[in-house]
Amino acid sequence: MRKAIALILAGAMTLSLAACGGSSSTTAASTGTAPTAETTTVANKDKPLVWFNRQPSNSTTGELDMAALSFNENTYYVGFDANQGAELQGQMVKEYIETHADTIDRNGDGVIGYVLAIGDIGHNDSIARTRGVRSALGTAVDGANGIVSDPVGVNTDGSATSVQDGTIEVNGKTYTVRELASQEMKNSAGATWDAGTAGNAITTWAASLSDQIDIVVSNNDGMGMAMFNAWSRANSVPTFGYDANADAVAAIAEGYGGTISQHADVQAYLTLRLIRNALDGVDINTGIATADDAGNVLSDDVYYYDEASRSYYALNVAVTGENYQDYLDSTVPYGPVSSQLDAAAHPEKSVWLDIYNAADNFLSATYQPLLQKYDDLLNLKVDYIGGDGQNESNITNRLGNPSQYDAFAINMVKTDNATSYTALLAQ
């Protein structure tokens, strides 16, 4: 495990309006103490910027957009370890099959058939989760860019080229594991990770595949719960999701197979904490790797920092029937970092923050409520902007006056589109 590496930030730059193209605002001098009457003018391009949830990257190759991640010295990304979480989800499904193989093979044909709801075929997290499940279940096929993550459509006979049949041996009996069907859950308007589409998909699949479906797997809980409510619950088919949304965790008691907590409480804290530290002009790891003046600090078993990509990653935890009661309320701030900062030493600052899709279950029902609790604790006045999940312009059109904000936190619709935002800040 890599340790978080402390970085020392330089003081805020003093730039004239002419030097920044006429876009600027006034913020307290970066001394780490209460502000004085003397202030420093900071260009929008030099203000703290945190990308979160969607890492600036090429949606085809996964290559990170380092220009966006190093936009200025106060730019970072906050997310979670997608590969570690994907492996956990795949292992969780595999272990469930190994424990229940003799009872979940609904038609007794010796084939454990699963269907897979894919969120966004161009999203790094979705790609990782699809790969994680296929790798764990032995259904993965290697392609030019690693394990193939393409949807298979319908694959009742196991002939699809993007997956293969896997095997699992339980108590001396070998079962075939087959991805019966998978598709990107994209609605007619273009929004991905769409719960309604997933609910319709499971109904369609069940009509043709019937008792061949033994397991339902989803790239997130929003889609997973839509399928669970539409079909899986009534047919006692275990469904596995990702995000540890409150409704999904509660549904474990009713047959939902399990989910993965990506430590949203830690991610939300890091999103705003990095901004707080940059605005205060203190060591960026204050209240993270080292305790702040209120005692807030994170241990290195819940996150790590990757210096090369300027990225903070929360670690994931499997949530199953054994521990789900510990995760029933997903909007509670993480205990070790839930102490209020003193307003005199950390005066209120203004932050512009967007959620790519106001209808996204995880972001709107878990992440944003956590942010709203942390913004109070960190003395940040945050304007929350909800997008439509389809068009970047639906968000960027509402960033018309960046000069009125001290910092920015951005959650893109597409990971390729960082310049849609940085272009507005660089004017």
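Parameters at a glance
Within every chain, residues take consecutive numbers counted from 1 along the sequence as written. Reporting in this predicted model follows two pLDDT cut-offs: at least 70 for local features of residues, and 80 or more for side-chain atom pairs to be given and counted; totals over whole chains, interfaces and linings ignore these cut-offs and use all residues. Note that the side-chain values use all heavy atoms of the structure and ignore hydrogens as well as water. UniProt positions are given in the numbering used here, feature names are shortened, and annotations may be inferred rather than shown by experiment. For the purposes of this entry, the term helix denotes a DSSP run of H or I that reaches at least four residues, the term strand denotes a run of E that reaches at least two, and both are numbered from the N terminus. Note that the radius of gyration is over C-alpha atoms, with the globule rule given as 2.2 Å times the number of residues to the power 0.38. Here's how the labels work: a residue is buried when its accessible area is under 20% of the maximum for its type, exposed when over 50%, partly exposed in between, all with a 1.4 Å probe on protein chains only. Any two residues whose heavy atoms approach within 4.5 Å are treated as being in contact. For two strands to be treated as a pair, DSSP must find at least two bridges joining them. Whenever a helix is involved, its axis is fitted only over the stretch in contact; in every case the axis is a line through C-alpha atoms, and angles between N-to-C directions fall within 0 to 180 degrees. Within this scheme a cavity is a closed region of a 1 Å grid, computed over the protein atoms alone, that accommodates a 1.4 Å probe without allowing it to escape, whereas a pocket is open but has protein on both sides within 12 Å along at least five of seven lines; lining residues each have an atom within 4 Å of a point. Grid points are joined across faces, edges and corners, and a volume is the space filled by probe spheres set on the points. One less than the residue count of a helix, multiplied by 1.5 Å, gives the span that helix is expected to have. One fitted axis covers the seven residues ending at a residue, a second covers the seven starting there, and the bend at that residue is the angle between these axes. Between Lys or Arg on one side and Asp or Glu on the other, a salt bridge is scored when a side-chain nitrogen of the former is within 4 Å of a carboxyl oxygen of the latter. Only buried residues count toward a nonpolar core, which is a set of Ala, Val, Leu, Ile, Met, Phe, Trp, Tyr and Cys residues joined through side-chain atoms within 4.5 Å.

The name an unreviewed UniProt entry assigns to the chain is Substrate-binding domain-containing protein, from the organism Candidatus Faecalibacterium intestinavium. Its UniProt record, at the heading Subcellular location (unreviewed entry), says of the chain: "Cell envelope".

Undergrad: Account for the overall build of the chain, with residues named and values stated.
TA: Assigned secondary structure in the chain consists of 10 helices and 19 strands. For 427 residues, the compact-globule formula gives about 22 Å, and the C-alpha radius of gyration of the chain, at 23 Å, lands near that figure. Each principal axis of the C-alpha distribution contributes one length, and for the chain these read about 75 × 40 × 35 Å. Within the chain, the fraction of its 427 residues that count as buried is 56%. Nonlocal contacts in the chain, meaning residues at least 24 apart in sequence, comprise 71% of its contacts between residues at least 6 apart.

Undergrad: How would you sum up the environment of Asp109? Please name residues and give values.
TA: Residue placement: Asp109 occurs in the loop between α2 (82-104) and β5 (111-118). Exposure remark for Asp109: the relative accessible area of 41% places this residue in the partly exposed category. Placed 124 residues apart in sequence, Asp109 and Arg233 show a C-alpha to C-alpha distance of 22 Å.

Undergrad: Now, about the sheet that holds strand β18 (residues 380-386): what can you tell me, with residues and values included?
TA: What the seven strands build is an open sheet, ordered β14-β15-β4-β3-β19-β17-β18; its pairing is mixed. Pairing within the sheet leaves two strands with one partner each, and these edge strands are β14 (303-306) and β18. Pairwise comparison of adjacent strand axes, ignoring direction, gives a mean angle of 20° for this sheet.

Undergrad: Tell me about the pairing of strand β11 (residues 213-218), residues and numbers included.
TA: With six of its six residues buried, β11 lies for the most part within the structure. Examined bridge by bridge, β5 and β11 share five bridges and lie parallel to one another. Residue pairing across strands places Leu116 opposite Val217, the latter belonging to β11. As paired elements, β11 and strand β12 (residues 239-240) share two bridges and run parallel to each other. Across the sheet, residue Val217 finds its bridge partner in β12, namely Phe240.

Undergrad: Lay out empty space enclosed by the protein in plain terms, naming residues and giving numbers.
TA: Evaluation of the coordinates by the stated rule reveals two cavities of 30 Å³ or more. Residue assignment for the lining of the largest cavity shows that the elements contributing at least two residues are α3 (124-137) and α8 (361-377).

Undergrad: Explain the UniProt feature "domain: MglB-2 periplasmic binding protein" (unreviewed entry) in the chain to me, using residue names and the numbers behind them.
TA: UniProt records the feature "domain: MglB-2 periplasmic binding protein" (unreviewed entry) for residues 348-418 in the present numbering. Regarding residues 348-418, the helix share stands at 30% and the strand share at 25%, and the terminal C-alpha atoms are separated by 27 Å.

Undergrad: So what's going on with the layout of surface pockets? Which residues, and what values?
TA: Empty space left among the atoms is revealed by rolling a probe the size of a water molecule over them. Within this model, the largest pocket holds a volume of roughly 790 Å³. Forming the walls of the largest pocket are 39 residues, and the residues nearest its centre are Asn83, Asn124, Ile127, Ala128 and Arg131. Breaking the lining of the largest pocket down by element, the ones donating at least two residues are β4 (75-80), α2, α3, β7 (146-147) and β14. Here the lining of the largest pocket takes eight residues from α3, the largest share from any one element.

Undergrad: Account for α8, with residues named and values stated.
TA: Taking 1.5 Å per residue, 17 residues should reach 24 Å; α8 reaches 24 Å between its end C-alpha atoms and fits that length. The axis of α8 is deflected most strongly, by about 35°, at Tyr367, and proline Pro369 appears within four residues downstream. Along α8, the positions that sit buried rather than exposed are Phe362, Leu363, Thr366, Tyr367, Gln368, Pro369, Leu370, Leu371, Tyr374, Asp375 and Leu377. Looking at the buried residues of α8, the elements they touch are β3 (49-52), β4, α7 (264-280), β17 (349-355) and β18. Positive phi appears at Asn379, one or two residues downstream of α8, with a value of about 60°.

Undergrad: Run through the environment of Thr290, naming residues and quoting values.
TA: Relative to the helices and strands, Thr290 resides in the loop between α7 and β14. Apart from the residues lying within four places of it in its own chain, the contact partners of Thr290 are Asp283, Asn285, Asn296 and Val297.

Undergrad: Outline the pattern of salt bridges, listing residues and values.
TA: Two side chains of opposite charge can pair, provided their charged atoms sit close to one another. Here the structure, examined in full by the defined rule, presents eight salt bridges. A salt bridge links Arg273 to Asp292; the nearest nitrogen and oxygen atoms lie 2.5 Å apart. Here the residue Arg273 occupies a position in helix α7, and Asp292 occupies one in the loop between α7 and β14, the gap between them amounting to 19 residues. One salt bridge in this structure joins Asp383 and Lys381, with 3.9 Å as the shortest N-O distance. Taking relative accessible area as the criterion, Asp383 reaches 25% and is therefore assigned partly exposed.

Undergrad: Quick rundown of unusual backbone geometry? Include the residues and the values.
TA: Of note, the phi angle at Arg310 is positive, near 50°, even though the residue is not glycine. With respect to the helices, strands and loops of the structure, Arg310 is situated in the loop between β14 and β15 (311-314). We classify Arg310 as buried; its relative accessible area is 16%. Located in the positive-phi region is Asn379, a residue other than glycine, with phi close to 60°.

Undergrad: Which residues make up α3, and what values do they have?
TA: The end-to-end C-alpha separation of α3 is 20 Å, in line with the 20 Å expected for 14 residues at 1.5 Å each. For α3, the buried fraction is high: 11 of the 14 residues fall into the buried class. Asp125, Ser126, Ile127, Ala128, Arg129, Thr130, Gly132, Val133, Arg134, Ala136 and Leu137 are the residues of α3 that are buried. Of the surrounding secondary structure, the elements contacted by the buried residues of α3 are β4, α2, β5, β9 (166-170), β10 (173-184) and β11.

Undergrad: Any chance you could break down the nonpolar core for me, citing the residues and the numbers?
TA: In this structure, Trp51, Trp205, Ile213, Leu298 and Tyr312 are the most contacted members of the largest nonpolar core, which totals 102 residues. The element best represented in this core is α7, accounting for nine residues. Setting aside its immediate chain neighbours within four residues, Leu298 contacts Val266, Tyr269, Leu270, Gly287, Ile288, Ala289, Tyr303, Tyr334 and Val337. Core analysis: the second largest hydrophobic core is formed by 10 residues, Phe228, Val249, Val319 and Tyr324 among them.

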